[in-house]
Amino acid sequence: MTHVEDELNSQPECWARVAAGATEHAGVLPAPGERVALVGCGTSYFMAQAAAGLRERAGQGETDAFAASEFPHGRTYDRVVALTRSGTTTEVLELLGALRGRTRTTAITADPDTPVMTAVDDLVVLDFADEKSVVQTRFATTALTLLRAHLGLHTEAVVTDARAALEAPLPEGLVESAQFTFLGRGWTVGLAHEAALKMREAALAWSEAYPAMEYRHGPISVTTRSTATWMLGEAPEGLAEQVRETGATWVSGALDPLAELVRAQRLAVAVAAARGLDPDRPRHLTRSVILDADTR
């Protein structure tokens, strides 16, 4: 079993553990009414998008999400929350340094012995969800589960669905698809982007992601019989029928959207295996992006 498989299989236990201890971190996570920005890079950015959508939908306050390198320094926030598994990502550390002394900052990280520990005002360390793999799975979803539980939006049903996502077989013929498109609505748009990223990282697959209502506005034109279109969350009325009319395979998300992401992670590993690839050795990637002056 690869590191990725081992780690993605441990997600139900990680989610249950972080949710049970969520109140311990309440004082360093966004309070109701605060204007908040969530930042990250790669997978962490997509989790930030999902968390921002959940917080605004819950009426907790204005919440934005940015790639760390694209943070708008002209805006004012009560708190900036950085998601960073490694605690060493250059863009995140540079942003936190620029915010020091003028905006309260919190980092959610997996490694307690990294530079981010001294770069922020407040810390949440999820070391039990750390990973050996380059391709992120359990840390990202555990961090999102923490934020979801903090908002009062996590239930035991989510963990139950995650276990179901690990046990049920993937739809027949899905692994042989040539193109994978993931769709979301609201907070699940971030999850759709993350699912597509997993396919690219682990399996070198042609994968895309869009807000579901936007799929009709151009992207559906490249959908063919070799396309799998996967909806994370409730689909807009009529979209499934339109996709099926193209000849594509439609995959509806019957489980909680975060559990559906687990299914997509499994698909990425399965496609990698079918193509003779090692998902623990993704092409051109490292566990953390650390830049020096010559690589900027």
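In case you missed it, the structure is sitting above this.
Now for a quick tour of the structure. Each chain has its residues counted from 1, following the order in which its sequence is written. Only residues with pLDDT of at least 70 get local features here, since the model is predicted, and only at 80 or more are side-chain atom pairs given and counted; chain-wide, interface and lining totals rely on the full set of residues. No hydrogens and no water enter the side-chain calculation; it runs on all heavy atoms of the structure.

### Structural notes on the sheet that holds strand E8 (residues 227–232)
Applied cut-off: Two strands are counted as paired when DSSP detects at least two bridges linking them. Put simply, DSSP H or I for four residues or longer makes a helix, DSSP E for two residues or longer makes a strand, and each gets a number counted from the N terminus. The angle between two axes is taken between their N-to-C directions and runs from 0 to 180 degrees, where each axis is a line fitted to C-alpha atoms and a helix contributes only its stretch in contact. In this description, contact between two residues means that some pair of their heavy atoms is separated by no more than 4.5 Å.
Overall, parallel pairing links the four strands, which are arranged E7-E6-E8-E9 in an open sheet. Among the strands making up the open sheet, the edge pair consists of strand E7 (206–211) and strand E9 (249–251). Shown here is a sheet whose adjacent strand axes are inclined to one another by a mean of 20 degrees, direction ignored. In the sheet, strand E6 (residues 179–184) pairs with E7 via six bridges, with the strands oriented parallel. Across the sheet, the residue bridging to Phe-180 is Ser-207, located in E7. Across the sheet, helix H9 (residues 257–274) touches E6, E8 and E9, and the angle it forms with E8 is around 155 degrees.

### Thoughts on the sheet that holds strand E4 (residues 104–109)
Strand order in the open sheet formed by five strands is E2-E1-E3-E4-E5, with parallel pairing between adjacent strands. Whereas interior strands pair on both sides, the edge strands pair on one side only; in this sheet they are strand E2 (63–67) and strand E5 (122–125). If you compare each strand with its neighbour and ignore which way they point, the axes differ by 20 degrees on average. Note that strand E1 (residues 36–40) and E2 share five bridges and pair parallel.

### Thoughts on H9
Note the cut-off: Expected helix span is taken as 1.5 Å per residue step, with the number of steps being one fewer than the number of residues. Throughout, exposure labels follow a simple rule: accessible area from a 1.4 Å probe, protein chains only, divided by the maximum for the residue type, with under 20% read as buried, over 50% as exposed, and the rest as partly exposed. The term polar contact refers here to a pair of N or O atoms within 3.5 Å; inside protein, the definition further demands a hydrogen-donor-capable atom paired with an acceptor-capable atom, and it admits residues adjacent in sequence only when both atoms are side-chain atoms.
The first and last C-alpha atoms of H9 sit 25 Å apart over 18 residues, in line with the 26 Å expected at 1.5 Å per residue. Among the 18 residues that make up H9, 15 are buried, leaving the element largely enclosed by the rest of the structure. Backbone nitrogen of Leu-258 and a side-chain oxygen of the N-cap are separated by 3.0 Å at the start of H9; the cap is Asp-256. Looking one or two residues past H9, Gly-276 carries a phi angle of roughly 75 degrees, positive in sign.

### Remarks on unusual backbone geometry
Non-glycine residue Leu-204 carries a positive phi angle of around 55 degrees. Structurally, Leu-204 can be placed in the loop between helix H7 (188–203) and E7.

### Considering the nonpolar core
A general feature of soluble globular proteins is that nonpolar side chains tend to end up buried together. The criterion, for reference: Among the buried residues, those of types Ala, Val, Leu, Ile, Met, Phe, Trp, Tyr and Cys that are joined through side-chain atoms within 4.5 Å form a nonpolar core.
Within the largest apolar cluster, 65 residues are counted, with the highest numbers of intra-cluster contacts made by Ile-108, Leu-144, Phe-182 and Leu-191. A total of 10 residues in this core trace back to one element, the largest contributor, which is H9. Discounting chain neighbours no more than four positions away, the residues touching Phe-182 are Ala-192, Ala-195, Ala-196, Met-199, Glu-208, Ala-209, Tyr-210, Trp-230, Leu-232 and Ala-264. Counting 16 residues, the second largest nonpolar core, distinct from the first, contains Phe-66, Phe-71, Ala-119 and Val-120.

### Describing helix H6 (residues 156–167)
We count it as follows: The arc in question is formed by the directions pointing from the helix axis toward the C-beta atoms.
With 12 residues, H6 should reach 16 Å at 1.5 Å per residue; the first-to-last C-alpha distance of 17 Å fits that figure. Every buried residue of H6 is listed here: Val-158, Val-159, Asp-161, Ala-162, Ala-165 and Leu-166. The buried residues of H6 all sit within an arc of 160 degrees when viewed along its axis, so they share a single face. Facing away from the buried side of H6 by over 90 degrees, the exposed positions are Glu-156 and Glu-167.

### Overview of the pattern of salt bridges
Keep this limit in mind: Should a side-chain nitrogen of Lys or Arg be within 4 Å of a carboxyl oxygen of Asp or Glu, the pair is scored as a salt bridge.
For the structure shown, the criterion picks out 12 salt bridges. Of the charged contacts in the structure, one is a salt bridge between Arg-163 and Glu-13, with a shortest N-O distance of 3.7 Å. On the criterion of sequence distance, the pair formed by Arg-163 in helix H6 and Glu-13 in helix H2 (residues 11–20) is long-range, its members being 150 residues apart. For Arg-163, a relative accessible area of 37% gives the class partly exposed.

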